[in-house]
Each structure stands twice: as C-alpha cells, then as structure tokens.
Amino acid sequence: MSNFWKWSALGGAAIAAAAVLAFLYIYLASEAQIMQRFTLPSSILHVETSPESIARGNHLATIFGCKDCHGGDLRGRMLWPRRGFSIFATNLRAFAKTASDEDFDRAVRRGLTPDARAVWVMPTESYVYMTNDDLADIIAYIRSLPPDNAAITEPQFGLGARLAIIRCKLQPASPYTLGLDTPLDVGPRWGGGRYLAMTSCSQCHLPDLTGDEKNPDLSVATNYSRSAFFHLMHGGNEKNGKLTEMSAVAGARFGAMHDYETDALYDYLVERARVLKTSPPPPQAEVPITQTVCPPAHKKLPN
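Owing to the predicted nature of the structure, the values given are computational and were not obtained by experimental measurement.

A short note on the packing of helix H10 (residues 226-233) against helix H12 (residues 259-278)
Now for step 1: Taken N-terminus to C-terminus, the directions of H10 and H12 make an angle of 120°; their axes are 11 Å apart at the nearest point. By the criterion of interaxial angle, the relationship of H10 to H12 is oblique. In terms of crossing hand, the pair formed by H10 and H12 is right-handed. Residues Arg226, Phe229, Phe230 and Met233 of H10 form the contact with H12, whose participating residues are Asp259, Thr262, Asp263, Leu265, Tyr266, Asp267 and Leu269.
Now for step 2: Taken together, the residues of the contact of H10 with H12 sort by class into six nonpolar, one polar and four charged.

See the structure below:
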C-alpha cells in the first residue's frame with residue numbers, strides 16, 4: 001500500500017506540474033502577442049481648431065461611429081463586458097490630454113497605441129483610408145471638449161482570452177488592416193458613397209460589405225426605394241414593419257447624415273449591387289501585411 005500512495009503522490013505532483021507548465025505557456029505565449037511592438041508609421045496630420053472644423057468633426061464622429069463605441073460624450077464605455085476579456089472603449093477626452101495628433105492618427109488609422117502596441121476591438125479596417133481632413137476635424141472636435149482626468153483603462157485578458165489568442169481566434173486588428181478587402185470600386189461617380197460605406201457601414205457588414213451570419217450583404221439596399229432607404233436610415237421600421245437593431249443604430253447615427261450623404265450612400269450601394277450581379281468583381285490588389293504568429297484568415301473574435 002505504501003508504494004500505491006507513493007506513486008499516487010508522484011502522479012498527482014506530475015499532473016500539477018504539467019498544469020502549471022501549461023498555464024505558464026499560455027500566459028507567456030499570449031503575453032508575447034499582447035505586448036508585441038510594431039513599427040510606428042510617420043504622420044503628417046495637421047489639426048486646426050476652427051469652429052467650422054469642430055462642427056464638422058462632431059458630425060463625422062457621429063456618422064462614423066466614434067460615439068457608438070466611446071459614448072455620446074466620448075468619455076468611453078464598457079464595450080466588451082465579457083468574463084475573461086473585458087474592453088473599455090478609451091475615454092477620448094482623457095486620451096487627448098497627453099496624446100499628440102500623430103498618436104490619434106496611428107490609433108485610428110493603424111490601430112496602434114502611442115507605445116507601439118496593438119489596440120483591441122477597434123474597427124481600424126473601417127478607418128485606414130479615412131482622409132486627413134476628416135480625421136483632423138474629428139480630432140479637433142475631441143480637443144474642443146473639456147478634458148477628463150480619468151485613467152485610461154487597459155484591456156483585461158483572462159485565461160480563456162489568452163487561450164483564444166494563442167489559438168488565433170482572438171487577434172488585434174492593426175497587423176492586418178492594410179491587407180483587408182475594401183468595398184468594391186464601381187467608379188469615381190460613386191466614390192463619395194463608397195467612402196461613406198467604408199467608414200460607416202463596414203464595421204457591421206465587413207470591410208467588403210459582404211456581411212456575415214448576423215448582418216446582410218449590402219446589396220440588400222436594392223430592396224428599398226430611395227424614400228424607404230431614407231426612412232430606415234433615420235431610425236424607421238424595416239419593410240416588414242418591424243423595428244430592428246439596424247433601426248436603433250440608424251436613428252442615433254445615420255439619422256445625422258446630411259441628405260446628400262444618404263443619397264450618395266444609396267446610389268453607391270445600388271450601383272455596387274448592379275455591378276456584382278452583372279459581372280464578377282475584379283481581383284483585389286495584394287497589399288503587404290505585417291507578419292505575425294497568426295495568419296489574417298484566422299482573425300475573429302470569440303463567441
């Protein structure tokens with residue numbers, strides 16, 4: 001019996017040691033990706049704080065979704081309150097106290113923090129091609145607000161999130177931003193609408209607007225007349241008479257669009273649907289992306 005207890009104790013110790021080693025591996029491997037540094041690109045962004053730029057920045061911050069994630073007052077809010085992986089959208093008014101214009105630029109269009117780490121759950125793919133003028137006006141609006149002394153809340157990674165990281169099921173956006181598809185280019189006439197679709201719609205409907213299991217391909221716009229599309233974008237009900245998640249999002253966000261912006265978006269989506277129906281899309285140009293442990297095709301958030 002003494003040998004039995006001896007071997008049992010040794011077996012238990014071996015299992016405990018293996019569990020500790022497994023935990024250390026998961027922690028260290030995930031921490032290497034969380035703390036990975038990237039090359040900070042240069043920025044030539046110049047922000048002016050005229051009343052016109054501030055007013056325009058307020059408008060763009062609404063329709064581009066900044067206020068959806070960071071709160072109507074831009075003081076941040078809990079975005080991912082999930083056990084083991086919580087993300088608090090940055091308090092932009094606190095960030096503005098120490099961040100340079102270049103820091104804002106890299107955070108929005110490259111998904112990088114001032115210390116060169118990747119940001120998490122930031123739709124950088126929607127903003128990578130945002131124009132200098134638009135981004136500068138948004139920053140001007142943020143800087144026009146009273147600053148906040150709150151501390152910046154860092155993401156919290158539990159064991160499940162860290163395991164998802166090393167399994168390539170959870171990845172930051174920044175390494176892959178320039179390698180993602182963009183909405184189909186159907187010609188310069190529809191360029192304004194395409195730009196609005198890229199910066200305002202792609203966060204839910206994917207960078208190429210093809211949608212997923214929750215959100216449809218935006219060719220669905222052809223199911224709406226222009227007046228019905230306007231009605232939906234201003235928070236109205238769907239064609240079946242029901243109020244949906246889109247209705248709620250639209251009322252607070254897209255309802256702020258100027259009529260000419262909604263017109264341009266509708267025209268682009270209808271033309272995109274027509275082109276996709278009559279001819280296959282041209283191949284996307286390959287853009288070099290930063291090499292990381294996980295390939296871009298595996299980038300997704302956990303359920």
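Read on, since the account is not over.
Digging into helix H5 (residues 101-109)
Now for step 1: In terms of burial, H5 is largely enclosed, as eight of its nine residues are buried.
Now for step 2: Within H5 the residues assigned to the buried category are Asp101, Asp103, Phe104, Asp105, Arg106, Ala107, Val108 and Arg109.
Now for step 3: Here the buried face of H5 lies against helix H4 (92-98), helix H6 (124-127) and helix H7 (132-144).
Now for step 4: Phi for glycine 111, located one or two positions after H5, is positive at around 65°.

So, the side chain of serine 53
Now for step 1: In this fold, serine 53 is placed in helix H2 (residues 51-63).
Now for step 2: Among the polar contacts listed, one links the side chain of serine 53 to the backbone oxygen of glutamate 48, at a separation of 2.8 Å.
Now for step 3: Aside from chain neighbours lying at most four places away, what touches serine 53 is Glu48, Asp137 and Ala140.

Topic: the layout of surface pockets
Now for step 1: Taken as a whole, the second largest pocket holds about 810 Å³ of empty space.
Now for step 2: Together, 40 residues line the second largest pocket, and Thr90, Ala107, Thr113, Val119 and Trp120 are the ones closest to its centre.
Now for step 3: Elements supplying a minimum of two residues to the lining of the second largest pocket: helix H1 (2-34), helix H3 (66-70), strand E2 (85-89), H4, H5 and H7.
Now for step 4: The element that contributes the greatest number of residues to the lining of the second largest pocket is H7, accounting for four residues.
Now for step 5: Considered class by class, the residues forming the lining of the second largest pocket number 30 nonpolar, five polar and five charged.

Let's talk about the sheet that holds strand E1 (residues 77-82)
Now for step 1: Taken together, three strands build an open sheet; the order of strands is E1-E2-E3 and the sheet is antiparallel. Among the strands making up the open sheet, the edge pair consists of E1 and strand E3 (156-157).

With respect to a nonpolar patch on the surface
Now for step 1: Together, Val20, Leu21, Phe23, Leu24, Tyr27, Leu28 and Leu159 line one region of the surface with nonpolar side chains, adding up to about 680 Å² of accessible area.
Now for step 2: Locating leucine 159 in the fold gives a position in helix H8 (residues 159-166).

Focus: the packing of H5 against H7
Now for step 1: With their axes 11 Å apart at the nearest point, H5 and H7 run at an angle of 120° to one another. Once H5 is placed against H7, the crossing between them reads as right-handed. Within the contact between the two elements, H5 uses Asp101, Phe104, Asp105, Val108 and Arg109 and H7 uses Asn132, Leu135, Ile139, Ile142 and Arg143.
Now for step 2: In terms of residue class, the contact of H5 with H7 is built from five nonpolar, one polar and four charged.

Focus on the nonpolar core
Now for step 1: By size, the foremost hydrophobic cluster in this structure holds 48 residues, and its most contacted members are Phe64, Phe104, Met130, Leu265, Tyr268 and Leu269.
Now for step 2: Contributions of two or more residues to this core are made by H2, H4, H5, H7, helix H9 (191-205), H10 and H12.
Now for step 3: A total of seven residues in this core trace back to one element, the largest contributor, which is H7.
Now for step 4: When neighbours within four sequence positions are excluded, leucine 269 is seen to be in contact with Leu209, Leu218, Ala221 and Phe229.

What counts and what doesn't
- Residues numbered from 1 in each chain as written.
- Predicted model: local features only at pLDDT ≥ 70, side-chain atom pairs only at ≥ 80, totals over all residues.
- Heavy atoms only, no water.
- Axes fitted to C-alpha atoms, helices over the stretch in contact; angles between N-to-C directions.
- Helix = DSSP H or I, 4+ residues; strand = E, 2+ residues; numbered from the N terminus.
- Parallel < 35°, antiparallel > 145°, perpendicular 65-115°, else oblique.
- Left-handed = near helix turned anticlockwise from the far one by under 90°.
- Contact = heavy atoms within 4.5 Å.
- Nonpolar A, V, L, I, M, F, W, Y, C, P; charged D, E, K, R; others polar.
- Buried < 20%, exposed > 50% of the residue type's maximum accessible area, 1.4 Å probe, protein only.
- Polar contact = N/O pair within 3.5 Å; in protein donor to acceptor, adjacent residues only side chain to side chain.
- 1 Å grid on protein atoms, 1.4 Å probe; cavity = no way out; pocket = protein on both sides within 12 Å on 5 of 7 lines; lining within 4 Å.
- Points joined across faces, edges and corners; volume = space filled by probe spheres on them.
- Pairing = 2+ DSSP bridges.
- Patch = residues over 30% accessible without salt bridge, like charges linked within 9 Å, V, L, I, M, F, W, Y side chains within 5 Å.
- Areas by Shrake-Rupley, 256 points an atom, 1.4 Å probe, with all protein chains shown as cover.
- Salt bridge = Lys/Arg side-chain N within 4 Å of Asp/Glu carboxyl O.
- Core = buried A, V, L, I, M, F, W, Y, C linked by side-chain atoms within 4.5 Å.

Shape descriptors only; they carry no functional weight alone.
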